[in-house]
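Here is how the chains run, residue by residue.
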Amino acid sequence: KCQKTTLVFMGHLLPKQGVDMVIRKIPEIVGKIPNFRFKIIGGGKYQDALIRLANDLGVFKYCDFTGKIKDNEDLEREIAKSAVAIAPYKKSKDNYTYYADSGKVKTYLACGVPLLLTNVPWNAKQIEKNKCGLIIKDNGSDLVGKLLYLISPSTNRKFRKSAIKYSASFDYERIFINIENV
């Protein structure tokens, strides 16, 4: 029942997030998925540059800049409606995501949305191994093919179930029970 051709990004709009790479790929994506939508939830000082880029490339009509959604339940509902989520972090030593635990990724998984992500978050390989998402190159060269694969209905259903199952491992009660038994 999701928006079957919608890719969602949620987060603070900064150059390190890689949203510009996705916007640059939209012409190629719409060649394969004519009714494609890129939902961008969030805001930040980089938003104007992203809007300019989308306009310059003639793809703004495929982008939905929603701004920040403050209520967590509304945010999660909006994410869950999407077919696929994306965390296209740029790989660099000054990208703190490389050293942190990405809340964005956990939110996507908890919403049951399969994701495309670069190999920056610590659990990227686990996510791919558990069939919750796929790792993409940070230059986006494999983005379109992997997006098409995840959007296909049978794959999407399987990956959604896996995402929900895998996200249960991040439940606080489960984590603390495991710590007490160590």
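Conventions used here
Residues numbered from 1 in each chain as written. Predicted model: local features only at pLDDT ≥ 70, side-chain atom pairs only at ≥ 80, totals over all residues. Heavy atoms only, no water. Salt bridge = Lys/Arg side-chain N within 4 Å of Asp/Glu carboxyl O. Helix = DSSP H or I, 4+ residues; strand = E, 2+ residues; numbered from the N terminus. Buried < 20%, exposed > 50% of the residue type's maximum accessible area, 1.4 Å probe, protein only. Patch = residues over 30% accessible without salt bridge, like charges linked within 9 Å, V, L, I, M, F, W, Y side chains within 5 Å. Areas by Shrake-Rupley, 256 points an atom, 1.4 Å probe, with all protein chains shown as cover. Lys, Arg positive; Asp, Glu negative; His and termini not counted. Charge placed at Lys NZ, Arg CZ, Asp CG, Glu CD. Pairing = 2+ DSSP bridges. Axes fitted to C-alpha atoms, helices over the stretch in contact; angles between N-to-C directions. Contact = heavy atoms within 4.5 Å. Arc of directions from axis to C-beta. Core = buried A, V, L, I, M, F, W, Y, C linked by side-chain atoms within 4.5 Å. Parallel < 35°, antiparallel > 145°, perpendicular 65-115°, else oblique. Left-handed = near helix turned anticlockwise from the far one by under 90°. Nonpolar A, V, L, I, M, F, W, Y, C, P; charged D, E, K, R; others polar. Right-handed = clockwise from strand over helix to strand, strands pointing away.

Peer 1: I keep staring at the pattern of salt bridges and nothing clicks. Help me out?
Peer 2: When charged atoms on two side chains of opposite charge get close, those side chains can pair. For the coordinates displayed, the defined rule picks out 8 salt bridges. Note that aspartate 64 and arginine 37 form a salt bridge whose closest N and O atoms lie 2.4 Å from each other. Here the residue aspartate 64 occupies a position in strand 3 (residues 63–67), and arginine 37 occupies one in strand 2 (residues 37–41), the gap between them amounting to 27 residues. For aspartate 64, a relative accessible area of 28% translates into the label partly exposed. Exposure remark for arginine 37: the relative accessible area of 25% places this residue in the partly exposed category. Linking aspartate 74 and arginine 77 is a salt bridge whose minimum nitrogen-to-oxygen distance equals 2.8 Å.

Peer 1: Help me understand a positive patch on the surface in this model?
Peer 2: Positive charge collects at one region of the surface, where Lys4, Arg157, Lys158 and Lys161 lie side by side. With respect to the helices and strands, arginine 157 occurs in helix 7 (residues 153–167).

Peer 1: Any chance you could explain the environment of aspartate 138 here in plain terms?
Peer 2: Structurally, aspartate 138 can be placed in the loop between strand 6 (133–135) and helix 6 (143–151). When the C-alpha atoms of aspartate 138 and threonine 118 are compared, they prove to be 5.7 Å apart, with 20 residues separating the residues in sequence.

Peer 1: Can you help me understand the sheet that holds strand 2 in this one?
Peer 2: Backbone hydrogen bonds hold the strands of a sheet together, and the pairing may be parallel or antiparallel. With parallel pairing, the 6 strands of this open sheet are ordered in space as 3-2-1-4-5-6. Of all the strands in the sheet, the pair left with one neighbour each is strand 3 and strand 6. For this sheet, the mean inter-axis angle between neighbouring strands, taken without regard to orientation, is 20 degrees. One ladder, built from 5 bridges, connects strand 1 (residues 3–10) with strand 2; its direction is parallel. Paired with phenylalanine 9 across the bridge in strand 2 is isoleucine 40. Contacts from helix 3 (residues 72–80) reach strand 1, strand 2 and strand 4 (82–87), with the element oriented near 160 degrees to strand 2.

Peer 1: Explain helix 6 here, please?
Peer 2: An α-helical turn contains 3.6 residues, so a residue and the one three or four places further along point in the same direction. If you check which residues of helix 6 are buried, you get Leu143, Val144, Leu147, Leu150 and Ile151. Projected down its long axis, helix 6 carries its buried residues within an arc of 130 degrees, all on one side.

Peer 1: Just to check I follow, could you spell out the nonpolar core for this structure?
Peer 2: Soluble globular proteins tend to pack their nonpolar side chains together in the buried interior. Counting 58 residues, the largest nonpolar core has Ile23 and Phe38 as the members making the most contacts within it. Beyond its immediate sequence surroundings of up to four residues, phenylalanine 38 is in contact with Leu7, Val8, Phe9, Val19, Val22, Ile23, Ile26, Tyr62, Cys63, Asp64 and Ile86.

Peer 1: When you look at the packing of helix 1 (residues 19–32) against helix 2 (residues 47–56) in this model, what are you seeing that I'm missing?
Peer 2: Two elements in contact, helix 1 and helix 2, have axes separated by 9 Å at closest approach and are oriented at 15 degrees. Relative to helix 2, the element helix 1 is oriented roughly parallel. When you trace helix 1 past helix 2, the crossing you get is right-handed. From helix 1, Val19, Asp20, Ile23 and Arg24 reach across to helix 2, where they touch Leu50, Leu53 and Ala54. Classifying every residue of the contact of helix 1 with helix 2 gives 5 nonpolar, no polar and 2 charged.

Peer 1: Please explain the pairing of strand 2 as it appears in this structure.
Peer 2: Each regular strand shows side chains that alternate between the opposite faces of the sheet. The buried fraction of strand 2 is high, at 4 of 5 residues. Pairing of strand 2 with strand 3, which is carried by 4 bridges, proceeds in the parallel orientation. By the bridge assignment, lysine 39 is partnered in strand 3 with aspartate 64. One crossover worth recording links strand 2 to the parallel strand 3 by way of helix 2, and it is right-handed.

Everything listed is a geometric property; what it means functionally is a separate question.
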